[in-house]
Amino acid sequence: MTDEDPRPPLEMLKELLEGQHLKLGVHIRKMNSPGSPVYHGWENIWPAATILVTSFAATLLVHFYLGAAILAIGCWWWIAKVQPKVRDGVFERSSAWALQSESHFDALWSKGVLSLYAELPDGRKFAATHRDDWRQFVRLVARESADHRPETV
């Protein structure tokens, strides 16, 4: 293998992610905020609004204890059921958006939204954040992963 791989860094990154040589990290809170290209306000607003309106209505129409119980159950539902789906959705949309083009990846990388993590076959672990050059990191991991692949005959 040559010292410098001629493939574009984003293509190498996609191959490393598919081969599970690299893991992509996404700052969910930054990406799940207004102004983000993958933000969907409705998925954050409707569950909380439903819980609050139902709790207030139950308090007003029936009793304070029913409203408090609905609020407690609603908070559990939000934390246990809704939030993991929102988190996974934001991660998937962010990953897909970032991997569309190098300009998208660069934009998110420079804002500190993305990170990369690699554990090489020899046990060494590496991570890269917005302070590091992601292209250089991808080339390093690709080179190291290629050096440890079993040779095919």
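Note: the structure precedes this text.
Residues numbered from 1 in each chain as written. Predicted model: local features only at pLDDT ≥ 70, side-chain atom pairs only at ≥ 80, totals over all residues. Heavy atoms only, no water.

Caption draft 1: Examining the packing of helix 3 (residues 41–61) against helix 4 (residues 64–98) more closely. At a minimum axis separation of 9 Å, helix 3 and helix 4 run at an interaxial angle of 175 degrees. In terms of their interaxial angle, helix 3 and helix 4 are classed as roughly antiparallel. Of the residues in the contact of helix 3 with helix 4, the class split is 15 nonpolar, six polar and two charged. (Axes fitted to C-alpha atoms, helices over the stretch in contact; angles between N-to-C directions. Helix = DSSP H or I, 4+ residues; strand = E, 2+ residues; numbered from the N terminus. Parallel < 35°, antiparallel > 145°, perpendicular 65-115°, else oblique. Nonpolar A, V, L, I, M, F, W, Y, C, P; charged D, E, K, R; others polar.)

Caption draft 2: Local environment of the side chain of Asn-32. Within the secondary structure, Asn-32 is located in the loop between helix 2 (28–31) and helix 3. Apart from residues no more than four positions distant in its own chain, Asn-32 is found in contact with Tyr-39, Glu-43, Asn-44, Val-86 and Val-90. (Contact = heavy atoms within 4.5 Å.)

Caption draft 3: Spotlight on the side chain of Ser-36. With respect to the element layout, Ser-36 can be found in the loop between helix 2 and helix 3. Judged by its relative accessible area of 14%, Ser-36 is buried. When neighbours within four sequence positions are excluded, Ser-36 is seen to be in contact with Lys-30 and Met-31. (Buried < 20%, exposed > 50% of the residue type's maximum accessible area, 1.4 Å probe, protein only.)

Caption draft 4: Molecular detail of the sheet that holds strand 1 (residues 22–26). Reading across the sheet, the three strands line up as 1-2-3 and stay open at both edges, with antiparallel pairing between neighbours. A single partner strand is all that each edge strand has here, and the edge strands are strand 1 and strand 3 (125–128). For this sheet the average axis-to-axis angle between neighbouring strands, irrespective of direction, equals 20 degrees. Of the pairings in the sheet, the one linking strand 1 to strand 2 (residues 114–119) comprises five bridges and is antiparallel in character. Looking across to strand 2, one finds that Gly-25 is bridged to Ser-115. Sheet strands in contact with helix 1 (residues 9–18) are strand 1 and strand 2, and its direction is about 105 degrees off that of strand 1. (Pairing = 2+ DSSP bridges.)

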